[in-house]
Amino acid sequence: MKKILFVCSGNTCRSPLAEAIAREVLPGRLDFEVEIASAGTSALAGSPASPHSIAVAERHGLDLSAHRSRMLTRDLVHEADLIVTMGVRHRETIGEIDPDSLESTFLLTNFSDHHDGDVPDPIGSDLAIYERTYLVIRECVESMASKLVQFDGWKKTGKRGN
């Protein structure tokens, strides 16, 4: 069992969408089991996903209604075999929490052949921007599914929980 943690800022828009998409896409594409979660570097614990994230997810057959945000913690970082961030700043925060975890921390767009850099934060934008964000995340997760089959960036077992 591998644990994948998606990280954004508030854990109400991008990382919940990535988590939901990964829960749909990854199990059927990998020859091993994965546990998928998300957290935010500046999350207010217990907040629901943003209304536009819920609406975009519903359009694509995903349900974010039960999602509740949570703050990124040292324990979550240590427990994850792979940490996937929405932006460079989120990756830097992982390094501040645990420098050793940077070897298993990647931008979501690192897995894409079509996108690079940060996944734009749609917070406060209209539904069309959320839809574009969803499509970027979807493409990246689909690409990630193909690349994880031969991926060598997992946290080394001996370093988990240090």
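Heads up: these notes are all about the structure in this document. In this text, all values refer to a predicted model and were calculated from it rather than measured experimentally.

This next bit is on the side chain of Ser112. Among the structural elements, Ser112 can be located in the loop between strand E4 (105–107) and helix H5 (127–148). You can call Ser112 buried: its relative accessible area is 11%. For Ser112, the side chain forms a polar contact with the main-chain nitrogen of His114, separated by 2.9 Å.

For the rest of this paragraph, the subject is the packing of helix H1 (residues 14–25) against H5. Put simply, H1 and H5 touch, their axes get as near as 9 Å, and they point 40 degrees apart. Judged by the angle between their axes, H1 and H5 are oblique. Our pair here, H1 against H5, has a crossing hand that is right-handed. For the pair H1 and H5, the contacting residues are Arg14, Leu17, Ala18, Ile21, Ala22, Glu24 and Val25 in the first and Thr133, Tyr134, Ile137, Arg138, Val141, Glu142 and Ala145 in the second.

Once that is clear, we can look at the packing of helix H2 (residues 51–59) against H5. In contact at an axis separation of 9 Å, H2 and H5 are set at 60 degrees when each is read in the N-to-C sense. The angle between H2 and H5 falls in the class oblique. Both H2 and H5 take part in a crossing whose hand is right-handed. For the pair H2 and H5, contact is made by His52, Ser53, Ala55, Val56 and Arg59 and by Leu127, Tyr130, Glu131 and Tyr134, respectively.

Turning our eyes to something else, we now look at H5. Here H5 contains 22 residues, and its C-alpha end-to-end distance of 31 Å stays within 8% of the 32 Å for a straight helix at 1.5 Å per residue. Along H5, the positions that sit buried rather than exposed are Tyr130, Glu131, Thr133, Tyr134, Val136, Ile137, Cys140, Val141, Ser143, Met144, Ala145 and Leu148. Against the buried residues of H5 lie strand E1 (2–8), H1, H2 and strand E3 (82–85). Between a side-chain oxygen at the N-terminus of H5 and the backbone nitrogen of Ala128 the separation is 3.2 Å; the capping residue is Asp126.

Spatially, four strands are ordered E2-E1-E3-E4 in an open sheet, and the strand pairing comes out parallel. Whereas interior strands pair on both sides, the edge strands pair on one side only; in this sheet they are strand E2 (34–40) and E4. Mean inter-strand twist for the sheet, computed between neighbouring axes without regard to direction, equals 25 degrees. Here E3 pairs with E4 via three bridges, running parallel. For Thr85, the partnering residue across the bridge sits in E4 and is Leu107. Contacting E1 and E2, H1 crosses the sheet at an angle of about 170 degrees to E2.

Before going further, it helps to examine the packing of aromatic side chains. Per the stated rule, a full pass over the model turns up five aromatic pairs. Geometrically, the ring pair formed by Phe151 and Trp154 is edge-to-face, given 5.7 Å between the ring centres and 85 degrees between the ring planes. The pair formed by Phe151 and Trp154 is uniform in burial state, with each residue classed as buried. Three or more aromatic residues joined by ring pairs form one cluster here, namely Phe32, Phe106, Phe111, Phe151 and Trp154.

What counts and what doesn't
- For every chain, the first residue of the written sequence is number 1, and numbering continues from 1 onward in sequence order.
- Whole-chain, interface and lining totals are the exception, using all residues; otherwise, since this is a predicted model, local features are given only for residues with pLDDT of at least 70 and side-chain atom pairs are given and counted only at 80 or more.
- Hydrogens and water molecules were not included; the side-chain quantities draw on all heavy atoms of the structure.
- The way it works is that DSSP assigns letters per residue, a run of H or I at least four long becomes a helix, a run of E at least two long becomes a strand, and they are numbered from the N terminus.
- Each residue gets one of three labels from its accessible area relative to the maximum for its type: buried under 20%, exposed over 50%, partly exposed in between, using a 1.4 Å probe on protein chains only.
- Distance and chemistry together define a polar contact, namely a pair of N or O atoms within 3.5 Å, with one atom able to donate a hydrogen and the other to accept it when in protein, and with adjacent residues in sequence counting only for side-chain atoms on both sides.
- In this analysis, axes come from line fits to C-alpha atoms, helices being fitted only over the stretch in contact, and the angle between any two N-to-C directions falls in the range 0 to 180 degrees.
- Should an angle lie under 35 degrees it is considered roughly parallel, over 145 roughly antiparallel, and from 65 to 115 roughly perpendicular; all remaining angles are considered oblique.
- Crossing handedness is read from the near helix: turned anticlockwise from the far helix by less than a right angle, it gives a left-handed crossing, and turned clockwise, a right-handed one.
- Whether two residues are in contact is decided by their heavy atoms: any pair within 4.5 Å suffices.
- To estimate how far a helix should reach, multiply one less than its number of residues by 1.5 Å.
- The criterion for strand pairing is that DSSP finds at least two bridges linking the strands in question.
- Centre distance within 6.5 Å is the pairing criterion for rings of Phe, Tyr and Trp, where only the six-membered ring of Trp is used; planes under 30 degrees apart are then read as stacked, over 60 as edge-to-face, and the remainder as tilted.

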